[in-house]
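Next come the chains, spelled out residue by residue.
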Amino acid sequence: MMYSSIIEIKKSIHGEALQKLRETAEKGFDNQAWKMENSSADLRRLAFEGQEDNYGCLDLGAAELADISGFREQINAWKRVDADEPGENGDILEIYAEPVY
């Protein structure tokens, strides 16, 4: 199984802010579960991909990043992709936009 977390950065983010945002995302996916590298060459797109045994890293990375003040506001889209089960794909921005009571 292949899982991915795909982050699309807003076009209004540039320069030092863009670099800092990319670094923050990369640190989010370097966590206690595993370290995943960004596989995208596109400056405004980050793609973190792994097998089933790396799922914890993707999940923890998303949770850590979503909790950082201002991070989600700089993102245009953020998708969770399950290559084997497309019905399990999800919109991470939408998931974290819902309030937790």
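Relevant structure appears above.
What counts as what
Positions within a chain are numbered from 1, following the residues in the order the chain's sequence is written. It should be noted that, the model being predicted, local features are given only for residues of pLDDT at least 70 and side-chain atom pairs only at 80 or more, the latter also being counted only at that level, while totals for whole chains, interfaces and linings use all residues. Hydrogens are left out, water is left out, and the side-chain values use all remaining heavy atoms of the structure. Under the scheme used here, helices are H or I runs from DSSP no shorter than 4 residues and strands are E runs no shorter than 2 residues, and both carry numbers assigned from the N terminus. Partly exposed describes any residue whose relative accessible area lies between the buried limit of under 20% and the exposed limit of over 50%, with all areas from a 1.4 Å probe on protein chains only and scaled to the type maximum. Residues are treated as being in contact if the distance between any of their heavy atoms lies within 4.5 Å. All accessibility values rest on the Shrake-Rupley procedure with a 1.4 Å probe; residue burial counts only the protein chains present in the view. Counted as positive: Lys and Arg. Counted as negative: Asp and Glu, with His and the chain ends omitted from the count. Charge positions come from single atoms, namely NZ of Lys, CZ of Arg, CG of Asp or CD of Glu. Should DSSP find at least two bridges between two strands, the strands are taken to pair. In this description, a line fitted to the C-alpha atoms serves as the axis of each element, helices being fitted only across the stretch in contact, and the angle between N-to-C directions of two axes falls anywhere from 0 to 180 degrees. Here, a salt bridge means any side-chain nitrogen of Lys or Arg that lies within 4 Å of a carboxyl oxygen of Asp or Glu.

Student: Run through the overall build of the protein chain, naming residues and quoting values.
Tutor: A count of helical and extended segments in the protein chain gives 3 helices and 6 strands. Ordering the α and β elements of the protein chain from the N terminus gives β-α-β-β-β-α-β-β-α. Across its three principal directions, the C-alpha atoms of the protein chain cover 35 × 35 × 25 Å. For the protein chain, the proportion of its 101 residues judged to be buried stands at 35%. Nonlocal contacts in the protein chain, meaning residues at least 24 apart in sequence, comprise 62% of its contacts between residues at least 6 apart. For the protein chain, the accessible surface area stands at approximately 6300 Å², while carbon and sulfur atoms represent 48% of it. With 11 positive and 21 negative side-chain charges, the protein chain shows a spacing of 9 Å between the two charge centroids.

Student: I'd like a rundown of the environment of Gln51, residues and numbers included.
Tutor: Structurally, Gln51 can be placed in strand 4 (residues 45-51). With 14 residues separating them in the primary sequence, Gln51 and Glu37 have C-alpha atoms 13 Å apart. In contact with Gln51, not counting residues within four places along its chain, are Met1, Met2 and Tyr3.

Student: Talk me through the pairing of strand 1 (residues 2-9); I want residue IDs and the actual numbers.
Tutor: Looking along a regular strand, one sees the side chains alternate between the two faces of the sheet. For strand 1, the tally of buried residues reaches 6 of 8 residues, placing the bulk of the element in the interior. Bridge count between strand 1 and strand 4: 7 bridges; the pairing is antiparallel. Note that in strand 4 the partner of Ile6 across the bridge is Ala47. As paired elements, strand 1 and strand 5 (residues 75-82) share 7 bridges and run antiparallel to each other. What sits directly across from Ile6, in strand 5, is Lys79.

Student: Hey, could you go over the sheet that holds strand 6 (residues 90-91) for me, with residue numbers and the actual values?
Tutor: Read from one edge of the open sheet, 4 strands run 4-1-5-6, paired in antiparallel fashion. In this open sheet, the two strands that pair with only one neighbour each are strand 4 and strand 6. On the sheet, helix 1 (residues 15-28) packs against strand 1, strand 4 and strand 5 and is oriented at approximately 10° with respect to strand 4. Sitting on the sheet, helix 2 (residues 55-66) touches strand 1, strand 4 and strand 5, and the angle it makes with strand 1 is about 25°.

Student: Go over the pattern of salt bridges, please, and point to the residues and values.
Tutor: Inspection of every chain in the model, using the stated rule, returns 3 salt bridges. Note that Glu37 and Lys35 form a salt bridge whose closest N and O atoms lie 3.6 Å from each other. Residue class for Glu37 comes out exposed when judged on its relative accessible area of 53%.

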